Amino acid sequence: LSDVLDETLDDLRLEPDPRKAVIRTYDRMERTLAARGLPRLAFEAPLEYLARVLDAVQVGAHSARRLTPLFERARFSSHEIDVGMKEEAIDALVALRTELGTAR
């Protein structure tokens, strides 16, 4: 999982479109959580998924809370998504990886 996330982070950093990068970063978070046994259910909205994940795990909460609103803005609004938001999303994914990696 760590190797996949390392490759993913490089790909996300190289994505020139901040909106696409934020959306792809959230997707990576979902995949990471699914690999830990917490896949998003088909009927769940992002905030519903977040609430369920936070009930199930103690680690990664802060990171997931940072990334989910960025994803919602990138995916569901026409507001600008800038490079700072892209970097914040990637930082949240890195933090999530670290938190999940230390949880045993």
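Thresholds applied
- Residues numbered from 1 in each chain as written.
- Predicted model: local features only at pLDDT ≥ 70, side-chain atom pairs only at ≥ 80, totals over all residues.
- Heavy atoms only, no water.
- Helix = DSSP H or I, 4+ residues; strand = E, 2+ residues; numbered from the N terminus.
- Contact = heavy atoms within 4.5 Å.
- Salt bridge = Lys/Arg side-chain N within 4 Å of Asp/Glu carboxyl O.
- Buried < 20%, exposed > 50% of the residue type's maximum accessible area, 1.4 Å probe, protein only.
- Axes fitted to C-alpha atoms, helices over the stretch in contact; angles between N-to-C directions.
- Left-handed = near helix turned anticlockwise from the far one by under 90°.
- Phe/Tyr/Trp six-rings, centres within 6.5 Å; stacked < 30°, edge-to-face > 60°.
- Parallel < 35°, antiparallel > 145°, perpendicular 65-115°, else oblique.
- Arc of directions from axis to C-beta.

S.K.: So, the overall build of the protein: which residues are in play, and what are the values?
M.R.: Tallying secondary structure elements over the protein gives 5 helices and 0 strands in all. Put simply, the protein runs from its N terminus to its C terminus through helices and strands in the order α-α-α-α-α. The contacts of the protein with a sequence gap of at least 6 include a subset with a gap of at least 24, amounting to 62%.

S.K.: Kindly report on the pattern of salt bridges, identifying the contributing residues and their values.
M.R.: On inspection of all chains with the given rule, the structure shows 5 salt bridges. Glu 15 is the partner of Arg 24 in a salt bridge, and the nearest nitrogen-oxygen pair spans 3.2 Å. Note on Glu 15: relative accessible area 13%, which makes it buried. The closest approach of N and O atoms between Glu 30 and Arg 40, which form a salt bridge, is 2.7 Å. Linking Glu 30 in helix 2 (residues 18-35) with Arg 40 in the loop between helix 2 and helix 3 (46-56), this pair joins segments that are 10 residues apart in sequence.

S.K.: Could you give me a rundown of the packing of helix 2 against helix 3, with the residues and numbers involved?
M.R.: It is at 13 Å that the axes of helix 2 and helix 3 come closest, and there the two elements cross at 35 degrees. Like other packed secondary-structure pairs, helix 2 and helix 3 cross with a definite hand, here left-handed. Residues Tyr 26, Glu 30, Leu 33 and Ala 34 of helix 2 lie in contact with helix 3, whose contacting residues are Pro 46, Tyr 49 and Val 53.

S.K.: Explain the packing of aromatic side chains to me, and be specific about the residues and the numbers.
M.R.: Between two aromatic rings, the relevant description is the distance of the centres plus the angle of the planes. Scanning the model with the defined rule gives 2 aromatic pairs in all. Taking the centre distance of 5.9 Å and the plane angle of 85 degrees together, the rings of Phe 71 and Phe 76 count as edge-to-face. Among the residues examined, Phe 76 registers a relative accessible area of 53% and is labelled exposed. Chaining the aromatic ring pairs together yields one cluster made of Tyr 26, Phe 71 and Phe 76.

S.K.: Summarise the packing of helix 2 against helix 4 (residues 61-76); cite the residues concerned and give the values.
M.R.: Helix 4 packs onto helix 2 with a crossing angle of 135 degrees between their chain directions and a minimal axis gap of 9 Å. With respect to each other, helix 2 and helix 4 are oriented oblique. Regarding helix 2 and helix 4, the two cross each other, and that crossing is left-handed. Contacts from Arg 19, Val 22, Ile 23, Thr 25, Tyr 26 and Met 29 in helix 2 reach Ala 64, Leu 67, Thr 68, Leu 70, Phe 71, Arg 73, Ala 74 and Arg 75 in helix 4.

S.K.: Tell me about the environment of Leu 12, residues and numbers included.
M.R.: Its location among the elements puts Leu 12 in helix 1 (residues 2-14). Along the backbone, Leu 12 and Thr 25 are 13 residues apart, and their C-alpha atoms lie at a distance of 6.9 Å. Filtering out sequence-adjacent residues up to four positions away, Leu 12 remains in contact with Ala 21, Arg 24, Thr 25, Arg 28, Lys 86, Ile 90 and Leu 93.

S.K.: Talk me through helix 3; I want residue IDs and the actual numbers.
M.R.: Considered for burial, the residues of helix 3 that qualify are Pro 46, Tyr 49, Leu 50, Val 53 and Leu 54. Along the axis of helix 3, the buried residues cluster in a sector spanning 130 degrees; they form a single face. Next to the buried residues of helix 3 lie helix 2 and helix 4.

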